[in-house]
Amino acid sequence: MSDTPYQPIDCSFHDRLKAAGTTRRVSVLLLHEPGGQTRTIEGRIEDVFARNGAEYLRLNTGDEVRLDYIQS
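Residues numbered from 1 in each chain as written. Predicted model: local features only at pLDDT ≥ 70, side-chain atom pairs only at ≥ 80, totals over all residues. Heavy atoms only, no water.

Focus: the overall build of the protein
Helix and strand counts for the protein stand at one helix and four strands. Reading the secondary structure of the protein in the N-to-C direction produces α-β-β-β-β. Compactness check: the protein gives a C-alpha radius of gyration of 11 Å against a globular reference of 11 Å for 72 residues, within 12% of the reference. When its C-alpha atoms are laid out on the principal axes, the protein stretches across 30 × 20 × 20 Å. (Helix = DSSP H or I, 4+ residues; strand = E, 2+ residues; numbered from the N terminus. Rg over C-alpha atoms; globule rule 2.2 N^0.38 Å.)

What follows is the structure, encoded as structure tokens:
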């Protein structure tokens, strides 16, 4: 969990993430996390959801990612 306030993402990018989940395409996500860490994860988007005032996605790998950490 991060103490960084959630920054809403662009609606068109949100729509692209949901579409990738609907079509069950494998997605490769580049993440920029607090502390300056960058990592890449890959998987099928199973869900896009809100929790505690922030939006997340869950991959079929079990990873949960806050949407404002996704760089591309």
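Let's pick the thread back up.
Let's talk about the nonpolar core
Core analysis: the biggest nonpolar cluster contains 18 residues, and L17, L29, I45, L57, L67 and I70 have the highest contact counts within it. Elements represented by at least two residues in this core include exactly α1 (11–23), β1 (26–32), β2 (38–51) and β3 (54–59). If near-sequence neighbours (up to four positions away) are discounted, L17 is found in contact with I9, L29, I45, L57, L67 and I70. (Core = buried A, V, L, I, M, F, W, Y, C linked by side-chain atoms within 4.5 Å. Buried < 20%, exposed > 50% of the residue type's maximum accessible area, 1.4 Å probe, protein only. Contact = heavy atoms within 4.5 Å.)

Side note on the packing of aromatic side chains
For the coordinates displayed, the defined rule picks out one aromatic pair. On the numbers, 5.8 Å between centres and 20° between planes, the contact of F49 with Y56 is stacked. Accessibility classification places F49 together with Y56 in one group, the buried group. The ring of Y56 is capped by R51, whose NZ or CZ atom sits 4.5 Å from the centre of that ring. (Phe/Tyr/Trp six-rings, centres within 6.5 Å; stacked < 30°, edge-to-face > 60°. Lys NZ or Arg CZ within 6 Å of the ring centre and 35° of its normal.)

As for unusual backbone geometry
Even without a glycine there, the phi angle at R24 is positive, about 60°. The residue R24 is located in the loop between α1 and β1 in this model. What makes R24 exposed here is its relative accessible area of 53%.

Some thoughts on the pairing of β3
For β2 and β3, the ladder comprises six bridges, and the chain directions are antiparallel. Across the sheet, R51 pairs through a bridge with A54, a residue of β3. Taking the residues that link successive antiparallel strands as the turn, the β3-strand β4 (residues 64–66) hairpin has four residues, and the phi of G62 there is positive, at about 95°. (Pairing = 2+ DSSP bridges.)

On their own, these measurements won't tell you what the molecule is for.
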